[in-house]
Protein chains: 2
Amino acid sequence: MAEKIDAYVNENRERFIEELKELMRFPSISAQSKHDGDTRACAEWLVAHFQKLGLEASLVDAGGQPIVRAQAKGKSAKRVMVYGHYDVQPEDPLDQWQTPPFEPTIKNGIIYGRGSTDDKGQVFAHVKAVESLLKTDGELPCEVLFLLEGEEESGGDALARYVRQAKDELKPDVVVVSDSTMYDEKTPAITYGLRGMAGFEFTVKGPDRDVHSGAYGGGIANPAMVVAQIMAACVAPDGKILIPHFYDDVAPLEPWEAESMAKLAFDDQAFVGELNVARPHGEAGFGTLERIWMRPTFEINGIYGGYTAEGAKTIIPASATVKVSARLVPHQDPSRIAKLIAEHIRSVCPDTVRLEMSDFAMCPPVLFDVNDPTFRAAQEALRQGFGAESVFIRCGGSIPVVSTFVEQLGCPVLLMGLGLDSDGPHSPNEHFSLDSFIKGTKAAAHLLRTI
Amino acid sequence: MAEKIDAYVNENRERFIEELKELMRFPSISAQSKHDGDTRACAEWLVAHFQKLGLEASLVDAGGQPIVRAQAKGKSAKRVMVYGHYDVQPEDPLDQWQTPPFEPTIKNGIIYGRGSTDDKGQVFAHVKAVESLLKTDGELPCEVLFLLEGEEESGGDALARYVRQAKDELKPDVVVVSDSTMYDEKTPAITYGLRGMAGFEFTVKGPDRDVHSGAYGGGIANPAMVVAQIMAACVAPDGKILIPHFYDDVAPLEPWEAESMAKLAFDDQAFVGELNVARPHGEAGFGTLERIWMRPTFEINGIYGGYTAEGAKTIIPASATVKVSARLVPHQDPSRIAKLIAEHIRSVCPDTVRLEMSDFAMCPPVLFDVNDPTFRAAQEALRQGFGAESVFIRCGGSIPVVSTFVEQLGCPVLLMGLGLDSDGPHSPNEHFSLDSFIKGTKAAAHLLRTI
C-alpha cells in the first residue's frame, strides 16, 4: 500500500505543483483590508478543490476571514484534524522580490512566491495526501477534518472562536499542523515546543505638528528620541531584556534537551552566513539555538517618525511610532508579560509627551510531551516519506491557534513542519522546496495510516 | 519723507500682497530634485520683478540652484546687501495642511502657504521697500544689492561659494537679513546670535532582508533596536547630551544677557500651549529660553525601519535609518562636534551590525556685538516701521550663510526678523502676518535711510 501511494504521488507530481501554483496566485493578505476579496476567493478555491476530491467542504463564518472546513469519513473512527492557514504575509518590500510575489516561479526545483512555505505549500501537501489515499485505496484509513484559517498572519481569532464554539462537535483524536520547519533540508523534524507572543504598537505624541528644530529644539521633548530612550530601557546592548520580572517564569532547559541540542551541532556561522550578518547576537550567556528556541525576545518590528524622505528636514517630529513584539517561552503567561511591558513603558515614558498604546495581540507558548504515541507514529511516517530519521526540535515562532487546540480540544497536537527557516517566510523571495512538498505529501499520507 | 514712504506702502498694500502670492505659488523645494524646474522658475520670476522696478538683475550660476542678484545705485556710496532665500521646505505632511501649501490663502489678515514666513514674505518686504523708496524719491538713499539664494533649506553651498569668489567685488558695508523672528507679534527684534548646526543621517544594517522574528529573534541583532540604543546613548532622559566633550566649548551667558532675558519674562506655558504639549523639556538645569537660544541640542529629525504600514508584521528589519541634527552655540566648532558625534556613534554601535554614516552638513554658530552703530540704526528703523521699541534676542535656528558673511565680508550682519516662531516655518499651515509684512516693508525702507 505504501508503495502504491508513493507511486501515485510521483506520477501526479507535475499536476500537484500546477495546482499549488493556482493556490499561491491569490494575494490572500489578511492584514490588509484591501485584499479581503482575494482572501475570500482563495478560501472559495480551496472549498471547490476539496469538493472535487469528494470531501464535504464549506466556508465557516466565525467573523473575520472565512474558515475552510473539509471532512471525509474513513475506515477507522479515529479523527485526525489537519490545521493550516491559507492567508499570507504582506509582500512588501516589493522592490526586493526577484520574481512577482503572486506569480509562482520555479527555479532549480524551488517554488518562489508569497505563501509558498508559509503556509500554502505545507497545507497543500496534506490535501494531496488525502487525494493520494482516496485514489489508491478508495477510502481514507481514518476520518480526516481540515480546518484552514485565513487570519493566522494578522492575529485574528476567528478560528480560535470557532474551535471554542464547536469543540464538542469537532472532537479530534489528534491535530496535525504543518506550519513549521524541518531541522535542515535532509532532516525532517517534529516540533515539540513553540514560542508564544505578546505584540503591540505604541505612539509617542509631542507637538501637534512637526515643528522647526531651531525654534523649538531644546524647548520641548522630541517624540522620536523618547521612543528610542524607551526602547533602550527595554533591551540592553548585551541582549538582556530590562523589563522587571520579564524572565521570572522562564522554564530552564531539561537535561535531555541540552543533550539533544548538542547533538544537532548547530552552526552559528552557517546560520548568519546566508544573511550577510557578521555574527549572531542575543541574550548574553546563552547559545544561539537556545536563544532562538527556549529564550524570550523583545523585538522592534517597525519604527517611524518625522521626516523620512530624500534629504534633510530640520524638525522635531509631532510623533513617533514603534511596532514591538516579544516572543515568549514556557511558562511565561502572555497576559502577565503584556502587563509588565505596558507598566514598564508607562513608567519610563516622561510626562512631557503623550503615550498611546494599542491592545496586545497575545499567544501563549506551548510545549508537548515527546513520549506521546502520536509523536512516535509521526516519526515512522516521516521515515517513510523522507527516507530519513527525524529529530525533535523546538520552533522560535508562534502558531497562536495551537495553544487554543491544547486548551480546548485536549488532544495531542503534532507539529510536522515541511519548510525551512531559510525559505524566507515573511521575507521577500519566500520559497519552498518541491522535493519537500512531494516527500511531505507522502509522509502526510503515511501518517494517516500509522497514527 | 518717512510719511510719504509709509503712505505709498499703505496705498499699494493690496498689490504688494497679490505679488507676494504670485511668488509663493512656486513650489521651490530645493531639497527635492523633482522641483528643480519650479525652483528655477521662482528665481526667474524674481529677476523679472527686479528688472521691472528698475534694478539691474540676473541669475548667478555658482553650481546648484541659481542665485538671484539685483542691484541699484543710490545717493550715498554706502552699499547695503540684502540677503534672503527663495527656496522653501518640503510641504509634507501634506494631509495636515488646511489650505493648499502652494495656493496662498488669506484668513483674518494672515497669509497661509509654504514660504510665507520662511522666507518669501520677509524677502519680499525688502523688495517692496526698495520699490517704495524709488517711487517716492526717485532714487535710493544708498546702494542696494540683493543676493537671494535657492539652497537655504537644502544645505547647499552655492551662495557661500559665490560670496567667497566674489567678495572683493561685493564689498558691502552691511548685510541685512530678514529670515528670523520678532520677539512677539507686537515687539520687533534684532537677532544678535544664531545657533549653528551639524546634521547627518546614519543607517544600521542587519540581515540583507527583513527576516521572521520567530525564526531569527534572539539569534541576530535587530537594527531598529540598535538605532534606538545608539540614540539613547547620545541623549539622556534628562536632556543632557551624552557625547563626550560635546559641551566643552559652550560659552556661558553674559550678565547683560541674563538681565535682558529676565526682562523678556518668557512664558513657558504660552510657549508650549499652542503646541498641545504639557510642559517644556530640555537640558536639565537651564530655563526654556536659555535652552532654545544659548544651549546646544541633539535631535532626531526622522527615523524609520521595518514594517510601518497597517497591522503587524513580525519581522526583524533589514535596516533602520535615523536623520539627526545638533544645534550648536558659540563657541562650538561644527567640525569638532561632527567628529565627536561620529566617534561616539561608532564607539557605541556593536559589531553585529553594519553602520553607514552620511557626511555632515555643517554650519557654525554666530554672535554679534550689539553695540555696533548698525544695530542702533536698525532699532530706529524698526521704531518707525512698527511704532514699537525693539529688543535684542538670539535665535535657536541657523542661517548657514550668515557665518560665511561674517568670515568673508568682514562687515556687520543685521538680522531683522519679521516672522514669528508660531508662524510654523517647516510645518504644515505655515503662515505670515500681513501686518508684519506691511510694517516690515516700512521698516526696511526706513533702514536704508538711517543706516
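Computed from a predicted structure; not experimentally measured. (Residues numbered from 1 in each chain as written. Chains lettered and ligands numbered in written order. Predicted model: local features only at pLDDT ≥ 70, side-chain atom pairs only at ≥ 80, totals over all residues.)

(A) Structural context of the overall build of chain A. Helix and strand content of chain A: 13 helices and 19 strands. Taking 22 Å as the expected radius of gyration for a compact globule of 451 residues, we find that chain A reaches 23 Å, a close match to that expectation. Counting only C-alpha atoms and orienting by the principal axes, one finds that chain A spans roughly 80 × 50 × 45 Å. Summarising the internal contacts of chain A: among those between residues at least 6 apart in sequence, 79% fall at separations of at least 24. (Helix = DSSP H or I, 4+ residues; strand = E, 2+ residues; numbered from the N terminus. Rg over C-alpha atoms; globule rule 2.2 N^0.38 Å. Contact = placed C-beta atoms within 7 Å.)

(B) View of the sheet that holds strand 5 (residues 110-112) of chain B. Residue and element names in this part refer to chain B. If you trace the three strands from one edge of the open sheet to the other, you get 4-5-19, paired in antiparallel fashion. Taken across any chain shown, the strands that pair with only one partner, and hence form the sheet edges, are strand 4 (105-107) and strand 19 (431-433). In this sheet, neighbouring strand axes are inclined to one another by 25° on average, regardless of whether the strands run parallel or antiparallel. Alignment of strand 4 against strand 5, held across three bridges, turns out to be antiparallel. The partner of T105 across the bridge, within strand 5, is Y112. (Pairing = 2+ DSSP bridges. Axes fitted to C-alpha atoms, helices over the stretch in contact; angles between N-to-C directions.)

(C) Geometry of the relation of the copies chain B and chain A. Overlaying chain B on chain A yields an RMSD of 0.1 Å, the required transformation being a rotation through 179° with an accompanying axial translation of 0.0 Å. Both copies of the chain, as the preceding transformation shows, are related through a two-fold rotation axis. A shared interface surface links the copies, since 99% of the contact residues of chain B are contact residues in chain A too. (Least-squares fit on C-alpha atoms with pLDDT ≥ 70 in both.)

(D) Region of the structure containing the interface of chain B and chain A. With 86 residues of chain B at the contact, the number on the chain A side is 85 residues. Mapped by element, the contributors of at least two residues to the side of chain B that touches chain A are strand 10 (211-212), helix 6 (223-232), helix 8 (268-273), helix 9 (288-294), strand 11 (299-306), strand 12 (315-316) and strand 13 (319-328) of chain B. Take the side of chain B that touches chain A: its biggest share by element is eight residues, from strand 11 of chain B. Taken together, the residues of the side of chain B that touches chain A sort by class into 35 nonpolar, 35 polar and 16 charged. Pairing analysis gives five bridges linking strand 11 (residues 299-306) of chain A to strand 11 of chain B, with the strands arranged antiparallel. (Nonpolar A, V, L, I, M, F, W, Y, C, P; charged D, E, K, R; others polar.)

(E) Seen up close, the domain arrangement of chain A. Residues and elements named next belong to chain A. For chain A, the assigned domains are domain 1 (2-194 + 365-450) and domain 2 (198-250 + 296-363). With centres defined by C-alpha atoms, the gap from domain 1 to domain 2 works out at 35 Å. The partner domain 2 presents seven residues to the eight residues of domain 1 that form the contact. A class-by-class count of the residues in the side of domain 1 that touches domain 2 yields three nonpolar, five polar and no charged. (Domains from an automatic or database assignment.)

(F) Looking closely at the nonpolar core. V227(A), A228(A), M231(A), V227(B), A228(B) and M231(B) are the most contacted members of the largest nonpolar core, which has 112 residues in total. Dropping the residues within four chain positions of it, V227(A) is found in contact with V204(A), I303(A), G305(A), A320(A) and V322(A). (Core = buried A, V, L, I, M, F, W, Y, C linked by C-beta atoms within 7 Å. Buried ≥ 20, exposed ≤ 12 C-beta atoms within 10 Å, placed from the backbone.)

(G) Up close: helix 12 (residues 400-409) of chain A. For helix 12 of chain A, the set of buried residues is P400(A), V401(A), V402(A), S403(A), T404(A) and F405(A). Looking one or two residues past helix 12 of chain A, G410(A) carries a phi angle of roughly 60°, positive in sign.

(H) Here's a closer look at the environment of T191(B). Residues and elements named next belong to chain B. As for its position among the elements, T191 is in strand 8 (residues 189-194). Put simply, T191 and T181 are ten residues apart on the chain and 8.0 Å apart in space, counted from C-alpha to C-alpha. Once residues lying within four places of it in the same chain are set aside, the contact partners of T191 are S180, I393, R394, C395, L415 and G417.

(I) Highlighting helix 1 (residues 2-11) of chain B. Residues and elements named next belong to chain B. Buried within helix 1 we find I5, D6, Y8 and V9. Taken down its axis, helix 1 places every buried residue within 160° of arc, on the same side. Every exposed residue of helix 1 that faces more than 90 degrees away from the buried side is listed here: E3, A7, N10 and E11. Of the surrounding secondary structure, the elements contacted by the buried residues of helix 1 are helix 2 (13-24), helix 4 (116-137) and helix 13 (434-450). (Arc of directions from axis to C-beta.)

(J) The arrangement of unusual backbone geometry in detail. Note the cis peptide between D118(A) and D119(A), where omega equals 10°. Along the polypeptide, D119(A) turns up in helix 4 (residues 116-137). The phi angle at A265(A) is positive, at roughly 45°, despite the residue not being glycine. As for its placement among the helices and strands, A265(A) is situated in the loop between helix 7 (255-264) and helix 8 (268-273). The residue H426(B) is not glycine, and still its phi comes out positive at about 75°. Within the fold, H426(B) resides in the loop between strand 18 (413-415) and strand 19.

(K) Looking closely at the environment of E149(B). All names here are of chain B. With respect to the helices and strands, E149 occurs in strand 6 (residues 143-149). When the 30 C-beta atoms within 10 Å are taken as the criterion, E149 is described as buried. Taking the C-alpha atoms as reference points, E149 and E259, 110 residues apart in sequence, are found 36 Å from one another. When neighbours within four sequence positions are excluded, E149 is seen to be in contact with I67, H85, A158, L159 and V401.

(L) Seen up close, the sheet that holds strand 5 (residues 110-112) of chain A. All names here are of chain A. Spatial strand order, 4-5-19: three strands in an open sheet with antiparallel pairing. Only two strands of the sheet have a single neighbouring strand rather than two, namely strand 4 (105-107) and strand 19 (431-433). The sheet shows a mean angle of 25° between the axes of neighbouring strands, direction not considered. Against the sheet, helix 4 contacts strand 5 and strand 19, and its axis sits at roughly 40° relative to strand 19. Its contacts with the sheet place helix 13 (residues 434-450) against strand 5 and strand 19, and it is angled at close to 55° to strand 19.

(M) Examining the packing of helix 2 of chain B against helix 4 of chain B more closely. All names here are of chain B. The N-to-C vectors of helix 2 and helix 4 enclose an angle of 135°; their axes lie 10 Å apart at closest approach. Comparing their axes, helix 4 and helix 2 come out oblique. Crossing angle aside, the handedness with which helix 2 passes helix 4 is right-handed. Contact residues: F16, L20, L23 and M24 in helix 2; S116, K120, G121, F124 and K128 in helix 4. Residues that form the contact of helix 2 with helix 4 fall into these classes: five nonpolar, two polar and two charged. (Parallel < 35°, antiparallel > 145°, perpendicular 65-115°, else oblique. Left-handed = near helix turned anticlockwise from the far one by under 90°.)

(N) Examining the packing of helix 5 (residues 158-170) of chain B against helix 12 (residues 400-409) of chain B more closely. Residues and elements named next belong to chain B. The N-to-C vectors of helix 5 and helix 12 enclose an angle of 30°; their axes lie 10 Å apart at closest approach. Taken together, the axis directions place helix 5 and helix 12 in an arrangement best described as roughly parallel. Read as a crossing pair, helix 5 and helix 12 show a hand that is right-handed. Counted together, L159, A160, V163, R164, K167 and L170 of helix 5 and V401, T404, F405, Q408 and L409 of helix 12 form the full contact between these two elements. When grouped by side-chain class, the residues that make up the contact of helix 5 with helix 12 number seven nonpolar, two polar and two charged.

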